Amino acid sequence: MSKLASLAGGLVLAAIAVSAEAETLMVYTSQPVEQMTSVIELFNKATPDVKVELFRSGTTEIMNKLQAELAAGNPRADILLIADSIAMTAVKNQGLLMAYKDAPVKDLDPSQYDKDRTFFGTKLITTGIVYNTASGKPRPTSWMDLLKPEAKGQVIMPSPLYSGAAVIHVGTLAAQPAFGWQYFEKLAANGALAAKGNGGVRDAVARGEKAYGVIIEYMAYGQKAKGSPVDFVFPVEGVTAINQPVAILKAARNVPAAKKFVDFQLSRAAQEQSVEQMYFPLVKGVTPPAGYPDPATLKVIGADPNLLLKTDEDTKRKFSEIFGG
């Protein structure tokens, strides 16, 4: 592990052994390592001449690592595959992303990729509520249920200091008149705690340490599939959402291999694998995971990307003031 990787607290690994003559592609990603291992295996079936190496961490830590490398004049990533388009837009605004005009986007809704084709959504990930069905607590239906007396000391959520999905979730709700920062202050007053990432939320609710958690849906459904007494709720007010964009850095050392990786991420095969990993697909014609609602029926709370980008640091600072960390 490099010094920078150690400082960032992330994980670097060579995912798949391929021939000694293979090209190397460095991917910085927030997607879980066990999922990325399967992703690379499928990618290498069609592209055996590319050896993929990973750095995996939360989106915020990936951004910190990338900026540290840039300051040192030694950016190492070819590909960014991170949680949200807000963080990716910040990278784009620095002039660090390469436009890929010929990317295969014909089956992707234009709202899911950058108009300049510097980054492309790969899957839909929503944030809602996970609850422990054996807790004896009522099933929540609304974000406001987390403020009720029966939820006192029973709520855990991811921190925007670590999670890109949490940045979008907190920033979106804080900007809504029906919620605002008062909502989070009331959550804290009701004993809600902040974990680092969504994995900590999943584990706390699955173990029964907390009855309720704010979480991205695939982690809750995945835990339910393993037999844990948990279920996921799409709150009546709506969910917040991210689309895990993929992009090629201008500093990429292996652009041909990077383009192959983007092509793969937008392919039907990769989208079907995403469904197996419990994600909503983005490409038209691919069926969501069993038990998931039709994506067209989802109520997604709107967010102004420019506002979220502008308020990103304030969101993290304000959240830290309320919940610590």
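When pLDDT is averaged across the protein chain, the result is 90; 93% of the residues are at 70 or more. The model gives residues 1–11 a pLDDT under 50, and that stretch makes 24 contacts with residues more than four places away or in other chains. Below a pLDDT of 50 lies the segment residues 13–20, which in the model reaches 18 contacts outside its immediate sequence neighbourhood of four places, other chains included.

On inspection of all chains with the given rule, the structure shows 15 aromatic pairs. For the pair phenylalanine 43 and phenylalanine 261, a centre-to-centre distance of 5.3 Å together with 75° between the ring planes defines the contact as edge-to-face. With phenylalanine 43 in helix α2 (residues 33–46) and phenylalanine 261 in helix α9 (residues 255–265), this residue pair connects regions lying 218 residues apart in the sequence. With respect to burial, phenylalanine 43 and phenylalanine 261 carry one shared label: buried. Ring geometry for phenylalanine 261 and phenylalanine 264: centres 6.5 Å apart, planes at 45°, overall tilted.

One can find aspartate 107 in the loop between α4 (85–93) and β5 (119–121). Distance from aspartate 107 to valine 233, taken between C-alpha atoms, is 29 Å for residues 126 residues apart in sequence. If sequence neighbours within four positions are ignored, aspartate 107 has contacts with Leu282, Val283 and Lys284.

In regular strands, side chains alternate between the two faces of the sheet. Burial of the side chains of strand β12 (residues 245–248) extends over both faces: Pro245 and Ala247 are buried on one face and Val246 and Ile248 on the other. Sheet analysis places strand β4 (residues 79–81) next to β12, joined by three bridges and oriented antiparallel. Paired with leucine 80 across the two strands is alanine 247, which belongs to β12. Direction of pairing for β5 relative to β12: antiparallel, over a ladder of three bridges. What sits directly across from phenylalanine 119, in β12, is alanine 247.

Turning our attention to the pairing of strand β6 (residues 125–132). For β6, a buried count of eight out of eight residues is recorded, marking the element as mostly surrounded by other parts of the structure. For β6 and strand β11 (residues 240–242), the ladder comprises three bridges, and the chain directions are antiparallel. Residue threonine 127 lies in a different strand from β11, and its bridge partner there is threonine 240. With four bridges joining them, β6 and strand β10 (residues 230–233) adopt antiparallel strand pairing. Across the sheet, isoleucine 129 pairs through a bridge with valine 233, a residue of β10.

What follows deals with α2. For α2, with 14 residues, the first-to-last C-alpha span of 20 Å sits near the 20 Å given by 1.5 Å per residue. Residues of α2 that are buried: Val33, Gln35, Met36, Val39, Ile40, Phe43 and Asn44. Around the axis of α2, the buried residues are gathered within 165° of arc, so they sit on the same side. Exposed and facing more than 90 degrees away from the buried side of α2 are Glu34 and Lys45.

Bringing the packing of helix α5 (residues 164–174) against helix α12 (residues 312–323) into the picture now. For the pair α5 and α12, interaxial distance at closest approach is 10 Å and the crossing angle is 90°. Compared by their axis directions, α5 and α12 come out roughly perpendicular. Contacts between α5 and α12 involve Val167, Val170 and Gly171 on the former and, on the latter, Asp312, Thr315, Lys316 and Phe319. Here the residues of the contact of α5 with α12 are counted per class, giving three nonpolar, two polar and two charged.

Attention now moves to the nonpolar core. With 60 residues, the main nonpolar core has Leu25, Ile79, Phe120, Tyr218, Ile248, Phe261 and Val262 as its most contacted residues. Broken down by element, the residue count for this core peaks at five residues, all from α9. Here phenylalanine 120 is in contact with Tyr100, Ala103, Val105, Gln112, Tyr113, Gln244, Pro245, Val246, Val262 and Leu266, once residues within four sequence places are set aside. Judged by nonpolar contacts, the second largest core, of 23 residues, contains Trp143, Trp181, Tyr183 and Phe184.

Only a minority of non-glycine residues have a phi that is not negative, and only a minority of peptide bonds are not trans. In this structure, glutamine 244 takes a positive phi of about 35° despite not being glycine. Its identity as a non-glycine residue notwithstanding, methionine 278 has a phi of 75°, on the positive side. For methionine 278, the position within the fold is in the loop between α10 (268–276) and α11 (305–310).

Reading the values: rules and limits
Residues numbered from 1 in each chain as written. Predicted model: local features only at pLDDT ≥ 70, side-chain atom pairs only at ≥ 80, totals over all residues. Heavy atoms only, no water. pLDDT = per-residue confidence, 0-100. Contact = heavy atoms within 4.5 Å. Phe/Tyr/Trp six-rings, centres within 6.5 Å; stacked < 30°, edge-to-face > 60°. Helix = DSSP H or I, 4+ residues; strand = E, 2+ residues; numbered from the N terminus. Buried < 20%, exposed > 50% of the residue type's maximum accessible area, 1.4 Å probe, protein only. Pairing = 2+ DSSP bridges. Expected span 1.5 Å × (residues − 1). Arc of directions from axis to C-beta. Axes fitted to C-alpha atoms, helices over the stretch in contact; angles between N-to-C directions. Parallel < 35°, antiparallel > 145°, perpendicular 65-115°, else oblique. Nonpolar A, V, L, I, M, F, W, Y, C, P; charged D, E, K, R; others polar. Core = buried A, V, L, I, M, F, W, Y, C linked by side-chain atoms within 4.5 Å.

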